[in-house]
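# Examination of the molecular architecture
Below are the chains, spelled out letter by letter.
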Amino acid sequence: MVGSELVQTVIANNQWRWPELLEIQCRVLDIHISSSPDCIYWNSVGQPFTSKGAWTSVRSYAPPVEWPAMVWHSSCIYRHAFCLWLAIMGAHRRRDKPLLLGIVDAALCPFNCGENESTEHLFFACPFTQQIWMQILNMCNIRRQIALLSDEIQWMIDHSRGNKFPQNLRKLAFAATIYHVWMERNRRCFKNNFLILDHIIHKIQGDVAAKLWSQENPVVQAGEHYHSLGCNWGLFG
Ligand SMILES: [Zn+2]
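What you see as residue numbers is a count from 1 along each chain, following the sequence as written. It should be noted that, the model being predicted, local features are given only for residues of pLDDT at least 70 and side-chain atom pairs only at 80 or more, the latter also being counted only at that level, while totals for whole chains, interfaces and linings use all residues.

In the annotation of an unreviewed UniProt entry, the protein is listed under the name Zf-RVT domain-containing protein and assigned to Cephalotus follicularis.

Structure representation (structure tokens):
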């Protein structure tokens, strides 16, 4: 055999005929010889090969999560949603990562609280960022204690389902807060500059209000509760 033979080369009179390869001859005796044309199947006879089928069979599945609709919704601001997604995945480039590897000696929080920086600390265990999130929640007419980030995410998932104005506002406000806290963190780390708390809240309010105004005016038909939210977020000019 020279290497370019077809299967039919080793079939004669409807039987396997492997020249000088007795071991293979013995192994293939039980394989039924079909008269149908040669064809490549995937997994089982009769199932054609597709790249989708191949990917489905080799990919690993993660358990479903609840947060995508809270992050990637029709009204989201993409740069905010991306930053929120990074926070949920713990994927921001924080200074506690090189600290854990022993590359740096310290990873102090840039908001001068004396604690080390971590995702949970930045969002919103740090007294400074906790104050920001507390005030943003108050602007959403929500008054409660601030919890760990994982609990804040779950609370948002549970209380922001649907596309009504208050729920939409909460989703926008949460992502905007995560984004502007991270921007302020970077400003302090890399630009040796900082904004005071009120300016950060003003930036959050501005982004959320601009997004709401870019859509169909959501407060025109609103009742007293929505009217209050509209006032809090500067939607009435
Ligand atoms: Zn801090």
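From this point on, the discussion continues.
Okay, the confidence of the model for the protein next. Per-residue confidence for the protein averages 87 on the pLDDT scale, and 89% of its residues sit at or above 70. On a scale of 0 to 100, pLDDT captures the predictor's confidence in every residue. Note on conventions: DSSP H or I runs of at least 4 residues are helices, E runs of at least 2 residues are strands, and numbering of each starts at the N terminus. Predicted confidence in the protein is weakest over helix 5 (residues 96–100), with a mean pLDDT of 66, and strongest over helix 7 (residues 127–139), with 97.

Glancing now at helix 7. Think of an α-helix as 3.6 residues a turn; residues three or four steps apart then line up on the same face. Given a rise of 1.5 Å per residue, 13 residues ought to cover 18 Å, and the 18 Å separating the end C-alpha atoms of helix 7 matches this to within 8%. Once C-beta atoms are placed from the backbone, each residue is buried if 20 or more other C-beta atoms lie within 10 Å of its own, exposed if 12 or fewer, and partly exposed for counts between those two. Listing the buried residues of helix 7 in full gives Thr 129, Ile 132, Trp 133, Ile 136 and Met 139. All buried residues of helix 7 project into a common sector of 115° when viewed along the axis, lining one side. Two residues or fewer past helix 7, Asn 141 is found with a positive phi of approximately 60°. Each helix should span, by expectation, one fewer than its residue count multiplied by 1.5 Å. Here the arc refers to the set of directions running from the helix axis out to each C-beta atom.

This part is about unusual backbone geometry. A cis amide bond links Phe 123 with the next residue in sequence, Phe 124, at an omega value of 0°. Note that Phe 124 resides in helix 6 (residues 119–125). Its identity is not glycine, yet Asn 112 carries a phi of approximately 60°, on the positive side. Residue placement: Asn 112 occurs in the loop between helix 5 and helix 6.

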